[in-house]
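As a plain string of letters, each chain reads:
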Amino acid sequence: MPYCELSSNGIRLFYRRYGHGSTKVLCIIGLAGTHDSWRPQIKGLIGDLKPREEEEEEAASPGPEEAGGKRSDVADQKRQEEEEEGGIEVCCFDNRGAGRSSVPTTKSDYTTTIMAKDALALLDHLGWEKAHVFGHSMGAMIACKLAAMAPERICSLALLSVTGGGYECFPKIDLQTLSLAFRFLRAKTPEERASVDLETHYTKEYLDEYVGSCKRRNILYQEYVKALSSKGMQSAIGFEGQSNACWTHSLTSNELRTIHTSGFLVSVIHGRCDIIAQLEHARRLAEKLHPVAKMVELRGGHLVNHERPDEINGALMDLIKASKLKLKPEEWSSFAVKQSGWLVMGEQMPLAKRNNHGASPLLIMFNLLGKLPLSCIYFFGSFIMACENMKNSFNILKPVRVAALDS
């Protein structure tokens, strides 16, 4: 099995490589995900889902009719042709705390900075001088840290379903997400977890579409249950550690400046119906990285890369091609002029819908209403804490009754 040994602490990262070529792509998955979550992108970029390790094992074990290593020679020749023709090689891996990688037992061993160092160590292990780095959700946070830490190793940066970490990790607060959160915490079996995951990751329209005679919801449910049953659910410490990495993540102004000025192009790709990573946070990050960042919005949920694979793969290929052509940021950016509107897959927001400050009054009111439930929860929690503190203080100041001693 392919593992990258992190010599500093004995942690091992499980990874898989796909395809052959001079173009290197490193994919970093998000919270609780494994390398398999990138299958739609592997298929789109490579055209095949067979790991290179399996190809190499087959080439190393030729059949009787292929004695003398002829099969291995053919495989080597094909690989060399793909390298010369500019093919693509993709590497996906399991972050620490998930899948087949090591699971540190201390929460402080999980931060996006530490996990970015893991990714950098994997690049060294693979012998890749530079790579296009694609990250999803928490993986996009890690990708940002990696780009700020070692910008010279980055060809381009794709940030899917990204937020800035910290309070931005709060999902959209409504009855649906509160119900999902409650069910997620209570889920103890693969069946219970699969049901919650589907509603969290995809839009209802996508799940209710028919694939043949069955709804996609039923097909995906069976796939999720099978995967969770065979590989096991993520350990509690792994989930808590990765959650800690999301909660403690932030980008300093210097890190943003490094990403902004290091010369590589950026795609910020997001689903408009994402209830986990809110769209406004991704837009804000794209604005901060103007003009090197291009904002791509699609109809989809948190796993927009599964829900809209063709559009996502097209956007990723555009990023790779633009990087090879060395397009100038102004040619790449989705912003014609700052605050002039978003170009969303080639469509610009009508300027009539925006006021002089770049946003319509209706949009401002909607954003305020969207934040109201979270504010209510905050103030309600503060009120409860204040009452509890007053109760404790009263108990301390309350005179102690001393029973009279019988003579």
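Note that the structure is a prediction, hence the values are computed from the model and not measured.

A.B. asks: For the overall build of the chain, give the residues involved together with the corresponding values.
C.D. replies: If you tally the helices and strands in the chain, you get 16 helices and twelve strands. Taking all contacts inside the chain whose residues are at least 6 apart in sequence as the whole, residues at least 24 apart take part in 75%. Here the chain has roughly 21,900 Å² of accessible surface; of this, 56% comes from carbon and sulfur atoms.

A.B. asks: Quick rundown of the pairing of strand S5 (residues 131-136)? Include the residues and the values.
C.D. replies: Of all six residues in S5, six are buried, a share of seventy percent or more. Of the two faces of S5, the one carrying Ala131, Val133 and Gly135 and the one carrying His132, Phe134 and His136 are both buried. Of the strand pairs in this sheet, strand S3 (residues 23-28) and S5 are connected by four bridges, and their pairing is parallel. For isoleucine 28, the partnering residue across the bridge sits in S5 and is glycine 135.

A.B. asks: Describe the packing of aromatic side chains, naming the residues involved and giving the relevant values.
C.D. replies: One pass over the full model with this rule turns up five aromatic pairs. When the ring of tyrosine 202 is compared with that of tyrosine 206, the centres are 5.4 Å apart and the planes differ by 25 degrees; the resulting orientation is stacked. The residues tyrosine 202 and tyrosine 206 share a single accessibility class, namely buried. An aromatic cluster is built from Tyr202, Tyr206 and Tyr224, whose rings are joined through pairwise contacts. Above the ring of tyrosine 3, the side-chain terminus of arginine 12 is found at 3.8 Å from the ring centroid.

A.B. asks: Go over the pattern of salt bridges, please, and point to the residues and values.
C.D. replies: Scanning all chains against the criterion turns up 17 salt bridges. Among the ionic pairs, arginine 299 bridges to glutamate 205, the shortest N-O distance being 3.0 Å. Taken together, the residues span a long stretch of sequence, with arginine 299 in the loop between strand S10 (293-298) and helix H13 (304-307) and glutamate 205 in helix H8 (residues 204-208) at a distance of 94 residues.

A.B. asks: An account of the nonpolar core is requested, with residue identities and associated values reported.
C.D. replies: Ranked by size, the top nonpolar core spans 49 residues in total, and within it Leu26, Leu159 and Val266 carry the most contacts. A total of nine residues in this core trace back to one element, the largest contributor, which is helix H5 (residues 138-149). Counting 25 residues, the second-largest nonpolar core is a separate cluster that includes Val296, Val304, Leu319 and Ile320.

A.B. asks: Explain the sheet that holds strand S6 (residues 154-160) to me, and be specific about the residues and the numbers.
C.D. replies: Think of a sheet as strands paired side by side through backbone hydrogen bonds, with each pair either parallel or antiparallel. Spatial ordering of the open sheet is given by S1-S2-S4-S3-S5-S6-S9-S10, a layout of eight strands whose pairing is mixed. Of all strands in the sheet, those with a lone pairing partner are strand S1 (3-6) and S10, marking the two edges. On average, each strand axis in the sheet is inclined to that of its neighbour by 20 degrees, with strand direction left out of account. The sheet contact formed by strand S9 (residues 265-271) and S10 spans six bridges and is parallel. Of the residues in S10, the one forming a bridge with isoleucine 269 is valine 296. Along the sheet, helix H1 (residues 39-46) contacts strand S2 (11-18), strand S4 (88-93) and S5; its crossing angle with S4, the most-contacted strand, is approximately 170 degrees.

A.B. asks: Quick one: what's the story with H1, residue by residue and with numbers?
C.D. replies: Of all the positions in H1, only Gln41, Ile42 and Leu45 are classed as buried. The buried side chains of H1 occupy one side of the element, clustering within an arc of 100 degrees when seen end-on. In this fold, the buried residues of H1 make contact with S2, S4, S5, H13 and helix H14 (309-324). Looking one or two residues past H1, glycine 47 carries a phi angle of roughly 90 degrees, positive in sign.

A.B. asks: Please give an account of the side chain of asparagine 313 that cites residues and values.
C.D. replies: Structurally, asparagine 313 is set in helix H14. Residue classification places asparagine 313 among the buried residues on the basis of a relative accessible area of 9%. The residues contacting asparagine 313, other than those within four sequence positions of it, are Pro40, Gln41 and Gly44.

A.B. asks: Break down the pairing of S2 for me, with residues and values.
C.D. replies: Side-chain direction in a regular strand flips from residue to residue, so the side chains alternate between the two faces of the sheet. Burial of S2 is extensive: seven of the eight residues sit out of reach of the surface. Relative to S2, S1 is paired through four bridges, and the arrangement is antiparallel. By the bridge assignment, tyrosine 3 is partnered in S2 with phenylalanine 14.

A.B. asks: Describe the confidence of the model for the chain, with residues and values.
C.D. replies: Mean pLDDT over the chain works out to 82, with 75% of the residues at or above the 70 mark. Below a pLDDT of 50 lies the segment residues 335-386, which in the model reaches 43 contacts outside its immediate sequence neighbourhood of four places, other chains included. Ignoring residues within four places in sequence, the model shows residues 400-407, a span with pLDDT below 50, making zero contacts including any to other chains.

A.B. asks: Summarise the packing of helix H4 (residues 112-126) against H5; cite the residues concerned and give the values.
C.D. replies: At their nearest, the axes of H4 and H5 sit 8 Å apart, and the two run at 70 degrees to each other. Considering the angle they form, H4 stands roughly perpendicular to H5. Together, Thr112, Thr113, Met115, Ala116, Lys117, Ala119 and Leu120 of H4 and Met138, Met141, Ile142, Lys145, Leu146 and Met149 of H5 make up the contact between the two elements. Here the contact of H4 with H5 is composed, by residue class, of nine nonpolar, two polar and two charged.

The rules we used
Throughout this document, residue positions are counted from 1 along each chain, in the order its sequence is written. pLDDT decides what is reported in this predicted model: residues at 70 or higher carry local features, side-chain atom pairs at 80 or more are listed and counted, and totals for whole chains, interfaces and linings draw on all residues regardless. Each side-chain value is worked out from all heavy atoms of the structure, with water and hydrogens disregarded. Strands here mean DSSP runs of E at least two residues long; helices mean DSSP runs of H or I at least four residues long; both are numbered from the N terminus. Any two residues having at least one pair of non-hydrogen atoms within 4.5 Å are treated as being in contact. The Shrake-Rupley method, run with a 1.4 Å probe, gives the accessible areas here. Residue values count only the displayed protein chains as cover. Relative accessible area decides the class of each residue, using a 1.4 Å probe on protein chains only: under 20% of the type maximum gives buried, over 50% gives exposed, and in between gives partly exposed. Two strands qualify as a pair provided that DSSP identifies no fewer than 2 bridges between them. Classification of ring pairs uses Phe, Tyr and Trp, with its six-membered ring standing for Trp, and accepts pairs whose centres are within 6.5 Å; under 30 degrees between planes counts as stacked, over 60 as edge-to-face, and the remaining range as tilted. Placement of a positive charge over a ring is assigned whenever Lys NZ or Arg CZ falls within 6 Å of the ring centre and within 35 degrees of the normal to the ring plane. We count a salt bridge whenever a side-chain nitrogen from Lys or Arg sits within 4 Å of a carboxyl oxygen from Asp or Glu. Grouping buried Ala, Val, Leu, Ile, Met, Phe, Trp, Tyr and Cys residues that are joined through side-chain atoms within 4.5 Å yields what is termed a nonpolar core. Each axis is a line fitted through C-alpha atoms, and for a helix only the stretch in contact is used; angles between axes span 0 to 180 degrees, taken between their N-to-C directions. Here, the arc refers to the directions that run from the helix axis to the C-beta atoms. Note on scores: pLDDT gives the predictor's confidence for each residue, bounded by 0 and 100. Here roughly perpendicular refers to angles of 65 to 115 degrees, roughly parallel to angles under 35, roughly antiparallel to angles over 145, and oblique to all remaining angles. Gly counts as polar in this scheme, as do all residues outside two lists: the nonpolar Ala, Val, Leu, Ile, Met, Phe, Trp, Tyr, Cys and Pro, and the charged Asp, Glu, Lys and Arg.

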